[in-house]
Structure formats: C-alpha cells, structure tokens
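Spelled out from the first residue to the last, the chains are:
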Amino acid sequence: MHDAPRHDDVRATALGAPAAASVDVPSPEATSTDVDSGMPRRGEARAPRGVRWTAWRVLFACTLTVAAVEVIGHFTVQSRVVHQEDWERAASFLATHVADDDGLVVAPEWMSPVARMALGELVTEERVGYSDLAGFTRVFELSARGRRHPDLAGLEAANVTRVGALTIREYALGPSPVLFDLTGHLEAAHVDLVHGDEAQPCAFQRGSLGRGGLGAGPLMPAARFQCERRRPWLYVGRTINEDLTLQPRRCVWQHPAEPGSRVRTTFEDVPLGARLVLYAGLYYEHERMREHGPFDLRVYIDGREAAHMTHRDGDGWKRLEALTGGPDADPTRVGRVQIEVEADDPHLRSVCWSADIRSAVRARTEVAP
C-alpha cells in the first residue's frame, strides 16, 4: 500500500508552484557581472562611463576654448574695420556735396581723429568745434557700425549713401537763426584790462604759435590781443579748447587777471537780433579736480548788463542766453556787445567762450533755455 500524502504536499501541487526552489542556478546569459573580475561577460553590452576631468584635460579644453574665441573675435573685428579706400571714397563724396554752411559730424565720436586725418580740409574749426548745430543749415553724418550722433537724435536723414563700411547721412536743418558770429569776428573787437574805471588796452599782435597740447592747455593762437608780456597767458584769442567732456570747442580764450580787475572784449556796431547765445567753460584739466574757485562772466548790450554767468568747476560747457531784442525788433538794429570775465582767484581759470547773435526763431536742434 502506498503511504497517504502529507497535507503540505497536497496543497503545493494544487497551486502549481514548484515544490522546492531554494537554490538559484545561474544561467550563462542571465548574469551581468563576473563576480571575480568585475568585467562584463561575453555577449553583454558595456555600460557607458563618464569622462574623467583630469587637470590636463581641463587645461586642454580651456586652451581650445580661448583659441576659438580669439579666432572668432579676430574675424569679427576685421569685418568691422573701415579700410583706407572707404575713407578715401567718403572724402571724395563729401568734397563734392558739402557746402560752406554745412556741418559734418562723426559717429561714433571716438572715430573723429581718424576722420580728421582722412577728410583733411573738410574738417574746419567751425565743424569740429561747434557748441551746437544752430549755425548749420544742413549736416552730414559720417557713420560706422550703424551708429548715430547724439546731436542728431530724433531727426530723419533726407539721403543715405553707403561707402564701403561707412554710411553717409544727410540731414536738412532749415535756415540757421545765427545772424552774427562773435567768435569768428574777434579780430574786429578791442580788448581792455580794466581796473576800476581805468581801462588798459590789450594790443593786437600776430606772432608765433604758443604751446598747446597734453598738459599745456589750448594752443596759443598766433593772432591775439596780448595784455601783458610778463604774463603770456593774459591774452584774448580764438583757439580750440577741450571742455570737461574732452569735446573740442572753438572759442575765445579770455583768462581773468588779478582779483578786482576785469578782462573785457568789446564788439561795436554788431547786429543785435533777438538774443545772444553764449557757451563758456574751462580747460578740462583745470576743472575736473574741482579744486578752484568760480569765475564770473557778464554780457553787456549797449552798456546795460543783459546776462550773468557764475561758472563753478564741474559745470562743464555751460550755456547762457541773453535777450537783445524782442521778436518784433528792427532786424537792422546794431549796437555794442561787451563780454567781461573776472575771478577772485584767477589761478588756472582758463576761461574760453563762444557766442553769436540769433533771431527769435530757434533751430530744430537747439536746446531751449
């Protein structure tokens, strides 16, 4: 007789489960890692491993990156350089289009020294050292890299011409309100060094150019009113002064003398128009440290004080406007204009001013007072 099955054996058979599975037998294909060597077995794909960044690999990658940036930068810079032939073509174009009463500006402004060399006589004192654009009826803008000159902000160019890497834009400003340029007619004036009621004339002379440039201030003009020989800086003459922002300004040097005195420039029988516009400032080296006292400048029309400016270090190229007549004033009216400068401490007060007489109508580019 067969022995009867035990209770546990009957239940296991009914569920279909293996009666015993206590030991796993490894299959050659199922095992992922050789336990002994740690290497994948035959027929198994290798798992990707991360790049190990050693110091040499980091150095090599940095070198490649720097080289790539240098190459890209080199070709970018070269593609934006204005070549000599572009300057020559631009100069030829402007020489046939720019009239005497046209202005000429450069954008960006740091390109101006190169433009002056390329354009030669086209870059006159009036064009390079203007205080505002009111004296011009039209302005040409010589631009590179798509830049616009800040003084032409908001204006639309009437004509645009491409010359290689340069763009020449023409702006029509309309009739100029300037009736008489006092700065340009300085030689017709007379100058005095005034102590109280006593006026000592300053002799007009034509000599040699004085010093100028970095550290020496504006160039002393050959034609000037020299007040005293023992004080060569005490003269009145037209020059180019660098203002606090290093902008060149065509202006009249009129340095104040000792305290209690005044240096006075007088223009006789000039058109009086409706207003006088004057800009004044100091040589930038004498103003930027803000170490010295102010100077005072007064404008007299036919003996009457019409305007007064107190200039302090940091004011820069400062504007003054004086009424010389109403909008209905006789346009043929002429009179005397006097500009006086004085300072309690005249040391390094290298005053330079630019002034003109204008009609009541304002230019499009003119800043309202």
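Look up a bit, the structure's there.
Figured I'd write up the structure that's included with this text. (Residues numbered from 1 in each chain as written. Predicted model: local features only at pLDDT ≥ 70, side-chain atom pairs only at ≥ 80, totals over all residues. Heavy atoms only, no water.)

1. As for helix 4 (residues 112–119)
Step number 1: If you check which residues of helix 4 are buried, you get Ser112, Ala115 and Leu119. The buried residues of helix 4 occupy one face: seen down the axis, they fall within an arc of 55°.
Step number 2: As for helix 4, its buried residues are in contact with helix 3 (84–97), strand 1 (102–107) and strand 2 (138–144).
Step number 3: Positive phi shows up at Gly120, right after helix 4, with a value of about 60°. (Buried < 20%, exposed > 50% of the residue type's maximum accessible area, 1.4 Å probe, protein only. Helix = DSSP H or I, 4+ residues; strand = E, 2+ residues; numbered from the N terminus. Arc of directions from axis to C-beta. Contact = heavy atoms within 4.5 Å.)

2. Points about the layout of surface pockets
Gaps left between atoms show up when a probe the size of a water molecule is rolled over them.
Step number 1: Here the largest pocket defines a volume of roughly 680 Å³.
Step number 2: Taken together, 33 residues make up the lining of the largest pocket; nearest its centre are Glu109, Tyr130, His149, Asp151 and Gln247.
Step number 3: When contributions to the lining of the largest pocket are tallied by element, the ones reaching two or more residues are strand 1, helix 4, helix 5 (125–128) and strand 10 (248–254).
Step number 4: Per-element accounting of the lining of the largest pocket gives the leading share, five residues, to helix 4.
Step number 5: When the residues that make up the lining of the largest pocket are grouped by side-chain class, the tally is 18 nonpolar, eight polar and seven charged.
Step number 6: There is about 460 Å³ of room inside the second largest pocket. (1 Å grid on protein atoms, 1.4 Å probe; cavity = no way out; pocket = protein on both sides within 12 Å on 5 of 7 lines; lining within 4 Å. Points joined across faces, edges and corners; volume = space filled by probe spheres on them. Nonpolar A, V, L, I, M, F, W, Y, C, P; charged D, E, K, R; others polar.)

3. Structural notes on the sheet that holds strand 4 (residues 166–172)
Step number 1: The sheet built from four strands is open, its strands ordered 1-2-4-3 with mixed pairing. Because the sheet does not close on itself, it has two edges, and the strands there are strand 1 and strand 3 (159–163). The sheet shows a mean angle of 20° between the axes of neighbouring strands, direction not considered. (Pairing = 2+ DSSP bridges. Axes fitted to C-alpha atoms, helices over the stretch in contact; angles between N-to-C directions.)

4. Brief notes about the pairing of strand 13 (residues 295–301)
Look at any regular strand and the pattern is simple: side chains alternate between the two faces of the sheet.
Step number 1: For strand 13, the tally of buried residues reaches six of seven residues, placing the bulk of the element in the interior.
Step number 2: The pairing of strand 13 with strand 14 (residues 304–311) spans seven bridges and is antiparallel. Looking across to strand 14, one finds that Val299 is bridged to Ala307.
Step number 3: Here strand 13 folds back onto strand 14 in antiparallel fashion, the turn holding two residues, of which Asp302 has a positive phi close to 50°.

5. What about the side chain of Arg231?
Step number 1: Tracing the backbone shows Arg231 in the loop between strand 8 (223–226) and strand 9 (235–242).
Step number 2: For Arg231, a relative accessible area of 13% gives the class buried.
Step number 3: Looking at Arg231, its side chain comes within polar contact range of the side chain of Glu258, at 2.7 Å.
Step number 4: When near neighbours in sequence (up to four residues on either side) are disregarded, Arg231 contacts Leu193, Gln226, Ala257 and Glu258. (Polar contact = N/O pair within 3.5 Å; in protein donor to acceptor, adjacent residues only side chain to side chain.)

6. What to know about the packing of aromatic side chains
Step number 1: Scanning the entire structure with this criterion turns up six aromatic pairs.
Step number 2: When the centroid spacing of 4.9 Å and the interplanar angle of 55° are considered together, the rings of Phe204 and Phe225 count as tilted. Here the residue Phe204 occupies a position in strand 7 (residues 198–206), and Phe225 occupies one in strand 8, the gap between them amounting to 21 residues.
Step number 3: For Phe204, a relative accessible area of 33% puts it in the partly exposed group.
Step number 4: Above the ring of Tyr235, the side-chain terminus of Arg224 is found at 6.0 Å from the ring centroid. (Phe/Tyr/Trp six-rings, centres within 6.5 Å; stacked < 30°, edge-to-face > 60°. Lys NZ or Arg CZ within 6 Å of the ring centre and 35° of its normal.)

7. Observations concerning unusual backbone geometry
Step number 1: Pro108 follows Ala107 through a cis peptide bond whose omega is 0°.
Step number 2: Locating Pro108 in the fold gives a position in the loop between strand 1 and helix 4.
Step number 3: With a phi angle near 50°, Asp302 is a residue other than glycine that sits in the positive phi range.
Step number 4: Examined against the element boundaries, Asp302 turns out to sit in the loop between strand 13 and strand 14.

8. Topic: the pairing of strand 10
Step number 1: In terms of burial, strand 10 is a largely internal element, seven of the seven residues being buried.
Step number 2: Note that strand 9 and strand 10 share seven bridges and pair antiparallel. The residue bridging Val236 from the neighbouring strand is Gln254, located in strand 10.
Step number 3: Hairpin remark: strand 9 followed by strand 10, antiparallel, with five residues in the connecting loop; positive phi at Leu246, about 65°.

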